[in-house]
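Coordinates in review
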Amino acid sequence: MDAKLIAEVERWIAEDPDPTTQSELRRLLELRDEATLRSCFSGFLEFGTAGLRGPLGPGPSRMNRAVVTKTAAGLAQYMKKNSLHSVVIGRDARYGSEDFTRDTAEIMQGAGFEVYLGGTVNGVRYDGSQIIAPADKEISHEIAQVPPLPTLKRSQGWKVLDEEIIEKYIRTTAALADAPADLSVVYTAMHGVGTETIEKVFAAAGFSPLILVPEQAHPDPDFPTVAFPNPEEPGAIDLALAKAQAVKADLVIANDPDADRCAAAIADAHGKWRMLRGDEVGALLGEYIAGAGKKPGVIANSIVSSSILKKIAEAHSYPFQETLTGFKWIAKIPNLVFGYEEALGYCVDSHSVNDKDGISAALALTQLALNLKKQGRTIDAYLDEIWSKYGYHATKQISVRTTSVDDMTKVLGQIRAHVPESIGKFAVVKFDDLETPTDGLPPTNGVRFFLSGDVRVIIRPSGTEPKIKCYIEVVRKGEVSAAKAEAHQVMDSLDGDLRKL
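The shown structure was predicted, so the numbers you read here are calculated from the model rather than taken from an experiment.

Considering the overall build of the protein
A tally of regular secondary structure across the protein gives 16 helices and 18 strands. For the protein, the spread of C-alpha atoms along the principal axes amounts to about 70 × 55 × 45 Å. Relative to its 501 residues, the protein shows a buried fraction of 51%. In the protein, once contacts between residues fewer than 6 apart in sequence are set aside, the share between residues at least 24 apart is 67%. Accessible surface computed for the protein: about 22800 Å², of which carbon and sulfur atoms make up 52%. The positive charge centre, built from 56 side chains, and the negative charge centre, built from 68, are 2 Å apart in the protein.

Pasting the structure below:
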């Protein structure tokens, strides 16, 4: 086995504060399992604008106590250089969360910060948002300079935030409901932490108790009933849909495990249940909030989200702003009335939660559904009214997995070097290289096509895994059922054409 690799592994073992991952690395050395060791030592887990993401395991390329400790120390140095003095540490119910929280708290306390620990209940948010460039690179630089982990000072004495923070969130969020009454809503927390808080919010707002999906109602880091705990994944909300069918519910709400995203499902005129796309929920909440006209401010969404929100904002005389992908950009907009991204993120009350929040979004959706029910209308019919007013906006995301980040760069480089004159049967009317933007947005790695026939295509690399993502939007006006059929036919044809680029 390679001597340099062995030396690197032994150095890491000497610093690792966790006996479990130490033992696992020693076992791999004894087995001379070079392939697994190289995978675990393929570079330090990248710190990006969404923080650290990766599978649990030993070594610098996995999530573990050593990686979290080193990251906390680097972040502490970055915060000191930027005159920041306090930190709130939240956690969820996944494996390792308690250890990661304690390591981070000890390092931050040892570095001289005021440290506050939040609970595992969602809803505790503070003034701020995810970091944006160049802070991510600056923090990565500090992480790389961290001295050996055993030399870092650790201290205790942090404060634990009391229930008043959570109670304030519950009161503030519940106040978003303006005419609560009985509505049958099935709810799934997707094995996450949302159930306790959302039940309290709905009770404080005056809604009837949520109908829980018992198999998914409580935190479980194994996520036993789903292949992947994301409401967007096929099959993830099947249990909720079955429950809704059985109890003849009015609405299904699903949060992701940390409850910052919100999905919804509805029944059509024939009683068939389906999950709404993120852009459909964005259109519903946008028309509902802008149509009420209660608050002045800005309406916004990300560039990969549907263009319908801009039309809704203009129709109701609201200023509109488009941002780069990610809620970290939307949350930076002052006086945000409503903002969303197609990946199920919605902000309906930025003065209380300056980020996407799945619980307040769920409350707003429930109030909308209730208002419609009182008028003898349904969400399905209301959506068709929106399409009739603004045109049917069909959206679809295609993900194509690549073998590496270099492959993603190569694909986008080839498109930039040889911009196609058409995609399928649609001519390229306009091409934007988002790395050299002309619309005032910061540069980002991606390209945007405007095609004949009111079609938009955006291609960008995933920020978390080796995938190329394509976002298609097709707009068709006229009679709604005919517009839907034509738009989906176009999207299906573009699906195949885009995979050939």
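Examining empty space enclosed by the protein
All chains considered together, the criterion is met by 1 cavity of 30 Å³ or more. Here the largest cavity defines a volume of roughly 30 Å³. Classifying every residue of the lining of the largest cavity by side-chain character gives 6 nonpolar, 2 polar and no charged.

Considering the packing of aromatic side chains
Per the stated rule, a full pass over the model turns up 6 aromatic pairs. Aromatic pair F431 and F449: ring centres 5.1 Å apart, planes at 55°, arrangement tilted. Here F449 lies in strand β16 (residues 447-451) and F431 lies in strand β15 (residues 426-433), a separation of 18 residues in the sequence. A residue is classified by how much of its surface remains accessible, and F431, at 24% relative accessible area, is partly exposed. Of the aromatic side chains, those joined through ring pairs into one cluster are F338, Y340 and Y346.

Some remarks on the sheet that holds strand β10 (residues 320-323)
With respect to topology, 4 strands assemble into an open sheet ordered β10-β9-β11-β12, the strand pairing being mixed. Single-partner strands in this sheet number two, and they are β10 and β12 (345-347). Neighbouring strand axes in the sheet, compared pairwise and without regard to direction, differ in orientation by 10° on average. Bridge count for strand β11 (residues 336-341) against β12 is 3 bridges, and the pairing is antiparallel.

Focus: the environment of I333
Mapped onto the elements, I333 comes out in the loop between α12 (327-330) and β11. Separated by 22 residues in sequence, I333 and D355 have C-alpha atoms that sit 11 Å apart. Apart from residues lying up to four places away in sequence, I333 is in contact with V298, A300, Q321 and T323.

Quick notes on the rules
Residues numbered from 1 in each chain as written. Predicted model: local features only at pLDDT ≥ 70, side-chain atom pairs only at ≥ 80, totals over all residues. Heavy atoms only, no water. Helix = DSSP H or I, 4+ residues; strand = E, 2+ residues; numbered from the N terminus. Buried < 20%, exposed > 50% of the residue type's maximum accessible area, 1.4 Å probe, protein only. Contact = heavy atoms within 4.5 Å. Areas by Shrake-Rupley, 256 points an atom, 1.4 Å probe, with all protein chains shown as cover. Lys, Arg positive; Asp, Glu negative; His and termini not counted. Charge placed at Lys NZ, Arg CZ, Asp CG, Glu CD. 1 Å grid on protein atoms, 1.4 Å probe; cavity = no way out; pocket = protein on both sides within 12 Å on 5 of 7 lines; lining within 4 Å. Points joined across faces, edges and corners; volume = space filled by probe spheres on them. Nonpolar A, V, L, I, M, F, W, Y, C, P; charged D, E, K, R; others polar. Phe/Tyr/Trp six-rings, centres within 6.5 Å; stacked < 30°, edge-to-face > 60°. Pairing = 2+ DSSP bridges. Axes fitted to C-alpha atoms, helices over the stretch in contact; angles between N-to-C directions.

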